[in-house]
Amino acid sequence: QVQLEESGGGLVQAGGSLRLSCAASGRPLSMYRVAWFRQAPGNEREFVAAVTQNGGNTYLESVKGRFTISRDNAKNTVYLQMNSLEPEDTAVYLCAAGLGPYGAYGYWGQGTQVAVSS
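The notes below deal with the structure included here. (Residues numbered from 1 in each chain as written. Predicted model: local features only at pLDDT ≥ 70, side-chain atom pairs only at ≥ 80, totals over all residues. Heavy atoms only, no water.)

### Here's the deal with unusual backbone geometry
Its identity is not glycine, yet Asn76 carries a phi of approximately 55°, on the positive side. The topology assignment puts Asn76 in the loop between strand 7 (67-72) and strand 8 (77-82). Looking at Asn76, the relative accessible area reads 16%, which means it is buried. Not every positive phi belongs to a glycine, and Ser84 is a case in point at roughly 50°. The residue Ser84 is located in the loop between strand 8 and strand 9 (91-99) in this model. (Helix = DSSP H or I, 4+ residues; strand = E, 2+ residues; numbered from the N terminus. Buried < 20%, exposed > 50% of the residue type's maximum accessible area, 1.4 Å probe, protein only.)

Written out as structure tokens, the structure is:
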């Protein structure tokens, strides 16, 4: 099975940028759909963005135009480039992977904290 590890979180001022990485081990990440979710204190986990095995992307409406998800299969890594960050983007960001074209994401990382100050 695949193991996922996120990195790249941190503290940034509003308007700043961060790039999150989701590095996979154990199996080729190219076999999986990969998504980023986020969870802020007291809130439900929220879908942010996803990339299919073929590179198709979907986004949460509020991050469209600001966030970009991409994958580098040679590095077994998926990225989330986050620009124009807002305090409302503050959360723990988790990556998840799933086999097949749809369905549940069965594999999850531990998350990386993103904090955006106003």
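Following the structure, the description resumes.
### A closer look at the pairing of strand 3 (residues 18-25)
When strand 1 (residues 3-7) meets strand 3, the two strands line up antiparallel, connected through five bridges. Residue pairing in the sheet places Glu6 in a bridge with Cys22 of strand 3. Inspection of the sheet shows strand 3 paired to strand 8 by six bridges, in the antiparallel sense. The residue of strand 8 that forms the bridge with Leu18 is Met82. (Pairing = 2+ DSSP bridges.)

### Quick word on the pattern of salt bridges
For the structure on display, the rule yields five salt bridges. A salt bridge links Arg38 to Asp89; its shortest N-O distance comes to 2.9 Å. Of this pair, Arg38 sits in strand 4 (residues 32-39) while Asp89 sits in the loop between strand 8 and strand 9, placing them 51 residues apart in sequence. For the pair formed by Arg38 and Asp89, the shared burial category is buried. Two residues, Lys64 and Glu61, come together in a salt bridge whose shortest N-O distance is 3.1 Å. By relative accessible area, Glu61 is classed as exposed at 57%. Through salt bridges with shared partners, a single network forms among Arg38, Glu46, Arg66, Glu86 and Asp89. (Salt bridge = Lys/Arg side-chain N within 4 Å of Asp/Glu carboxyl O.)

These results come straight from atomic positions and should not be treated as a statement about function.
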